[in-house]
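# An overview of the molecular structure
Below, each chain spelled out in residue letters.
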Amino acid sequence: MGSSNYVGFALFLSVIALISPLFYAVEVSHDGRAITIDGERRILLSGSIHYPRSTPEMWPDLIKKAKEGGLDAIETYVFWNAHEPVRRRYDFSGNNDLIRFLKTIQSEGLYAVLRIGPYVCAEWNYGGFPLWLHNMPGIELRTANDVFMNEMQNFTTLIVDMVKQEKLFASQGGNIILAQIENEYGNVMASYGAAGKAYVDWCANMAETLDVGVPWIMCQQDDAPQPMINTCNGFYCDSFTPNNPNSPKMWTENWTGWFKNWGGKDPHRAAEDVAYAVARFFQRGGTFQNYYMYHGGTNFGRTAGGPYITTSYDYDAPIDEYGNLNQPKWGHLKQLHGVLKSMERTLTHGNITNTDQGNGVSVTIYATNETSSCFIGNTNTTGDAIVTFQESEYSVPAWSVSILPDCKNEAYNTAKLNTQTNVMVKRENQAESEPVALRWTWRPETTNDTVQLGKGHVAASHLVDQKVIDDISDYLWYMTSVNIKEDDPLWSDDMSIRVNGTGHMLHAYLNGEYIGSHWATYGIFNYVFEKKVKLNPGKNQITLLSATVGFQNYGPKFDMIESGLPGPVELIGRKGDESVIKDLSSHKWTYEVGLHGLDNKVYSLDSRYASKWQAENLPINRMMTWYKTTFKAPLGTDPVALDLQGMGKGEAWVNGQSIGRYWPSYLAEEDGCSTEPCDYRGEYGSSKCVSNCGQPTQRWYHVPRSFMTNDVNTLVVFEELGGNPSLVNFQTVAAGTICGNAYENEDMELSCQGRPISAISFASFGDPQGSCGSFYKGSCEGGNGALDIVRKACVGKENCSIQASEDVFGSTNCSSTAKRLAVEAIC
């Protein structure tokens, strides 16, 4: 972009008068440069926090930390299947209390962005759609289909009316400044043809009729109809341009990491790279930027989508799954936010001059009559740059942006960390000696009716898609019988059963005996299970149990991807080179939904079956088994994690509340991890900077403190594959080691987040080498004894601050090296 003059022109989307003496309306408008709130042009920093992925008790702390981190707003999806699990029967209680969540945001003085969707993706079960939608006659999802559009409009209107009733839109004096309709539809619209475009136009018109008084956005929708604002999602959005010059440049999802799937490795995205992406976005005219996620949280119950998305939705976010600060990411971004906010008037009013200095280096000046602010960007992935600008030289590392609020002094560089790093540790439960203290009882899951007798409540002469049961359970039994005589052409000494499944779990039984299980890997929707069998002359009972692991949540016509056992189901007889195949797909099949233990809610303390547990002969590695124990809540206030090492696959409940599916027996892929520190330079992708190769995909499961009492608590697990509960235990999660880093003349701040700093194990001012946990002194060192100075300033305190300077630590002989302070402390 060359030198230009800004001509102010506001496209007002809401003109609101004073409604009552008790509150005033907030006027929200936008133009091609900024969002205007009550007449003041703003750049806005936001972070996604999903209310169902945390608990109401966690919300105030999470939102306070977001505000302290420098955010202006909290963005959340609205989850249709959570709120309307059964058609016209609504749930806004507990974790689903959307209004309480929005009011908690408001109480902290933050704005809200309400992404109604109501398709959300979000790695959430079925993309947020309730499964009963799929089963409505004549319906087609996310296209110009009257049945679907009527249901979508009903739910969207319900949410808008609820929010209006509580006067939460900015037009009513509330804190919601933006609303979203649909979500990432532009990525898949081509598969719907002309009906897709008609649907997008309908969405825009429908949203406008709801008269919310704030702008509507559509992310990833290049042809978003006016007055919808199209926005960008991705790891980088600096090159994004809105489809209308009067629309501000908005980034609804800056992916701070990535989600994890069963069998996948742990993804990480370096703080330096996230900061680089944000700085580049605002260097190139950005107005609104939202972190996805700022706190990822937990997929409690059966909410994880995929299929095969894990229970943890940590997302390597600035606030981790447990609610702890993920340092250095949180702190590094907080500092960036402070610098950007200090330049807000210049960014929203200044004339822009952009100069390409070649070799990946660019300088951007925002200038008003009063002042100017500058960005110096270096997009090289390996080469640092010495940039001469306005008669001064600046060292700009590769893949970084330097920010000069006054165009003279560098206040921030995205590659230079001046914040602490937290190394989180798990600590044993001090309330009791676990796992020894856990006394387990058990009960079998009763399967005689299905496995042996093939009894069910529904019959059909075909195989059904598992979505027909409206997602009321992960489990659906498919049962049939077949008569085989010894003179049947199929009969041989070499017979097998072959089942075509769709990526989830299959358990197969023949004549009451378990014969095997099978599942595919993440991203593969089909598999073939084949097992040699010995049939009996006469009647043979075939029982197949399908277990879903979250329904598909993304892709063109994702709702049409088959689930369960679409078949064919075949018996195969081999005689020499010949094979005879008997297709059982059109046989009479009997179906049974769920499991007895789930139907009877044996995980609930109120269940009348709660007394039918056995203490003797505790089985291990036994399929379809329930286990129960009691435990004392860990002492203190640190977040709690349940270690399910040794278990196979299933679901767990604490005091009757589901903490989600578990599957620690599913190991992460062996290859792709590196022992070297992550190199933040160069474009990020989900396979870059991964860890946990060859280990359980997820061993630890978040148990919110609000799920537990101070007295005796109950843990119930349903083990589907077979496991050993003897290693199960509860631990707390907290920062164990913290490492401070500060460049010369910057302040180094250390905090143990509520507990005292007990020791300083390393301190060096000069050119310290290594990284947190493996620091060592370099070739130069301040002369005043850094270790003693830091110990005196920090030990015994919850937090401390020291300037990294020669005045404090003594002169060095670091002639050409940038000096910095590195400290390692124990909490």
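What this report covers is the structure whose coordinates are included nearby.

Cut-off values and rules
- Residues numbered from 1 in each chain as written.
- Predicted model: local features only at pLDDT ≥ 70, side-chain atom pairs only at ≥ 80, totals over all residues.
- Heavy atoms only, no water.
- Helix = DSSP H or I, 4+ residues; strand = E, 2+ residues; numbered from the N terminus.
- Rg over C-alpha atoms; globule rule 2.2 N^0.38 Å.
- Buried < 20%, exposed > 50% of the residue type's maximum accessible area, 1.4 Å probe, protein only.
- Contact = heavy atoms within 4.5 Å.
- Areas by Shrake-Rupley, 256 points an atom, 1.4 Å probe, with all protein chains shown as cover.
- Lys, Arg positive; Asp, Glu negative; His and termini not counted.
- Charge placed at Lys NZ, Arg CZ, Asp CG, Glu CD.
- Salt bridge = Lys/Arg side-chain N within 4 Å of Asp/Glu carboxyl O.
- Pairing = 2+ DSSP bridges.
- Axes fitted to C-alpha atoms, helices over the stretch in contact; angles between N-to-C directions.
- Core = buried A, V, L, I, M, F, W, Y, C linked by side-chain atoms within 4.5 Å.
- Parallel < 35°, antiparallel > 145°, perpendicular 65-115°, else oblique.
- Left-handed = near helix turned anticlockwise from the far one by under 90°.
- Nonpolar A, V, L, I, M, F, W, Y, C, P; charged D, E, K, R; others polar.
- Phe/Tyr/Trp six-rings, centres within 6.5 Å; stacked < 30°, edge-to-face > 60°.
- Lys NZ or Arg CZ within 6 Å of the ring centre and 35° of its normal.
- Expected span 1.5 Å × (residues − 1).
- Arc of directions from axis to C-beta.

Each helix and strand in the protein chain was counted, giving 13 helices and 43 strands. Expected size for 827 residues packed as a compact globule is a radius of gyration near 28 Å; at 29 Å, the protein chain falls within 12% of this value. Dimensions of the protein chain, computed from the C-alpha atoms along their principal axes, are close to 95 × 60 × 60 Å. Across the 827 residues in the protein chain, those meeting the buried criterion constitute 59%. Across the protein chain, contacts joining residues at least 24 apart in sequence account for 74% of those joining residues at least 6 apart. Of the roughly 31900 Å² of accessible surface on the protein chain, 47% is carried by carbon and sulfur atoms. Within the protein chain, one finds 66 positive and 92 negative side-chain charges whose respective centroids are separated by 4 Å.

Across all of its chains, the model carries 37 salt bridges by this definition. In this structure, Arg42 and Glu344 form a salt bridge, with 3.0 Å as the shortest nitrogen-oxygen distance. Taken as a pair, Arg42 in strand 3 (residues 40-42) and Glu344 in helix 9 (residues 344-349) lie far apart in primary sequence, 302 residues in all. When the shortest N-O distance is used, the salt bridge between Asp61 and Lys65 registers 2.9 Å. You can see Asp61 and its partner Lys65 sitting in helix 1 (residues 59-68), four residues apart, about one turn around the helix. Taking the relative accessible area as the measure of exposure, Lys65 reaches 17% and is therefore buried. Because the salt bridges share partners, they merge into one network encompassing Arg42, Asp72, Lys341 and Glu344.

Strand order in the open sheet formed by four strands is 27-24-29-30, with antiparallel pairing between adjacent strands. Two strands close off the open sheet at either side, each with one partner strand: strand 27 (527-533) and strand 30 (578-583). Each strand axis lies, on average, 25° off the axis of its neighbour in the sheet, ignoring direction. By the bridge criterion, seven bridges tie strand 24 (residues 495-501) to strand 27 in an arrangement that is antiparallel.

Between Gly117 and Pro118 the backbone carries a cis peptide bond, its omega angle lying at 0°. A cis amide bond links Tyr292 with the next residue in sequence, Met293, at an omega value of 5°. The topology assignment puts Met293 in strand 12 (residues 288-295). Look at Ala122: it is not a glycine, yet its phi comes out positive at around 60°. Looking at Ala122, the relative accessible area reads 2%, which means it is buried.

This part covers the nonpolar core. Formed by 129 residues in total, the largest nonpolar core has its most connected members in Phe148, Leu340 and Ile403. Sequence-distant contacts of Phe148, that is, excluding residues within four places in its chain, are made with Trp80, Phe129, Leu133, Ile139, Glu140, Leu141, Arg142, Thr143 and Tyr199.

This next bit is on the packing of helix 1 against helix 3 (residues 98-107). The interhelical angle for the contact between helix 1 and helix 3, taken along N-to-C directions, is 40°, at an axis separation of 9 Å. The angle between helix 1 and helix 3 places the two elements in the oblique class. The way helix 1 lies across helix 3 gives a crossing that is right-handed. Two secondary-structure elements touch here, helix 1 through Trp59, Pro60 and Ile63 and helix 3 through Arg100, Phe101, Thr104 and Ile105. The residue inventory of the contact of helix 1 with helix 3, partitioned by class, reads five nonpolar, one polar and one charged.

Let us now look at the sheet that holds strand 18 (residues 400-404). Pairing in this open sheet of five strands is antiparallel, and the strands run 13-14-15-18-19 from one edge to the other. Strands with a single pairing partner mark the edges of an open sheet, and in this sheet they are strand 13 (351-358) and strand 19 (412-413). Relative to strand 15 (residues 372-378), strand 14 (residues 361-367) is paired through seven bridges, and the arrangement is antiparallel. Bridge pairing in strand 15 links Val363 to Ile376.

Overall, the coordinates contain 52 aromatic pairs when judged by the stated rule. A centroid spacing of 5.5 Å and a plane angle of 45° characterise the contact between Phe235 and Trp258, whose relative ring orientation is tilted. You can see Phe235 sitting in the loop between strand 9 (229-234) and strand 10 (250-255) and its partner Trp258 sitting in the loop between strand 10 and strand 11 (266-267), a full 23 residues away along the chain. A cation over an aromatic ring shows up here: Arg53 above the ring of Tyr313, its NZ or CZ 3.6 Å from the ring centre. When the ring centre of Tyr236 is taken as reference, the NZ or CZ atom of Arg269 above it lies at 5.1 Å.

Between its first and last C-alpha atoms helix 5 (residues 146-165) spans 28 Å; for 20 residues at 1.5 Å apiece the expected length is 28 Å, and the two agree. Among all positions in helix 5, only Phe148, Met149, Glu151, Met152, Phe155, Thr156, Ile159, Val160, Met162 and Val163 are buried. When helix 5 is viewed along its axis, its buried side chains cluster within an angular range of 165° and face the same direction. Facing away from the buried side of helix 5 by over 90 degrees, the exposed positions are Asp146 and Gln165. Along its buried surface, helix 5 packs onto helix 2 (80-83), helix 3, strand 6 (111-117), helix 4 (131-134), strand 7 (176-181) and helix 6 (194-209). Phi turns positive one or two residues past the end of helix 5, at Lys167, with a value near 55°.

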